[in-house]
Amino acid sequence: MKKLPARFHRYALPVGTTFFMTFLVTGVATWRVLGWDLAMFEMWASSWMIAWAIAAPTMYFVMPVVRRALGRLIEEP
């Protein structure tokens, strides 16, 4: 299978990170509120889509700010 060029890494990283993080966090939060039930999965899917739609674009703006802030706090090797 052919891989994407390296220039896509800066776009794929925020999308992939937010995809999995929102999946896990909304899953745990929904499970804690509703318990393990069939309705939980419907609510989880809905909550996850909304959370990911907000988190992915937000990550594009926040990631450079966090990178700069950490660059001031952490010494480069």
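Residues numbered from 1 in each chain as written. Predicted model: local features only at pLDDT ≥ 70, side-chain atom pairs only at ≥ 80, totals over all residues. Heavy atoms only, no water.

Novice: Which residues make up the environment of Ser-47, and what values do they have?
Specialist: Inspection of the secondary structure assignment puts Ser-47 in helix α2 (residues 38-73). Residue classification places Ser-47 among the partly exposed positions, given a relative accessible area of 27%. Non-local contacts of Ser-47, meaning those with residues more than four positions away in its chain, are made with Thr-26 and Thr-30. (Helix = DSSP H or I, 4+ residues; strand = E, 2+ residues; numbered from the N terminus. Buried < 20%, exposed > 50% of the residue type's maximum accessible area, 1.4 Å probe, protein only. Contact = heavy atoms within 4.5 Å.)

Novice: Describe in detail the packing of aromatic side chains, supporting the description with residues and values.
Specialist: Under the counting rule described, the total for this entry stands at seven aromatic pairs. A centroid spacing of 5.1 Å and a plane angle of 70° characterise the contact between Phe-19 and Trp-48, whose relative ring orientation is edge-to-face. Highlighted residues: Phe-19 in helix α1 (residues 9-34) and Trp-48 in helix α2, separated in sequence by 29 residues. Here Phe-19 falls in the partly exposed class, since its relative accessible area comes to 32%. The interplanar angle of 90° and the centroid separation of 6.0 Å between the aromatic rings of Phe-19 and Trp-52 together place this pair among those described as edge-to-face. With a gap of 33 residues between them, Phe-19 in helix α1 and Trp-52 in helix α2 connect regions that are remote in the sequence. These aromatic residues form a ring-pair network of at least three members: Phe-19, Phe-20, Phe-23, Trp-36, Phe-41, Trp-44, Trp-48 and Trp-52. (Phe/Tyr/Trp six-rings, centres within 6.5 Å; stacked < 30°, edge-to-face > 60°.)

Novice: Residue-level account of the side chain of Thr-18, with values.
Specialist: Inspection of the secondary structure puts Thr-18 in helix α1. Separated by 2.8 Å, the side chain of Thr-18 and the backbone oxygen of Pro-14 make a polar contact. Residues within four places of Thr-18 in sequence aside, it is in contact with Trp-52, Ala-55, Ala-56 and Met-59. (Polar contact = N/O pair within 3.5 Å; in protein donor to acceptor, adjacent residues only side chain to side chain.)

Novice: Go over α2, please, and point to the residues and values.
Specialist: If you check α2, its first and last C-alpha atoms are just 46 Å apart, much less than what 36 residues at 1.5 Å a residue would give, namely 52 Å. Of all the bends in α2, the greatest, near 40°, is centred on Met-59. Among the residues of α2, Met-40, Trp-44, Trp-48, Ala-56, Met-59 and Met-63 are the ones counted as buried. Those residues of α2 hidden inside the fold are in contact with α1. (Expected span 1.5 Å × (residues − 1). Bend = angle between axes of the 7 residues up to and from the residue.)

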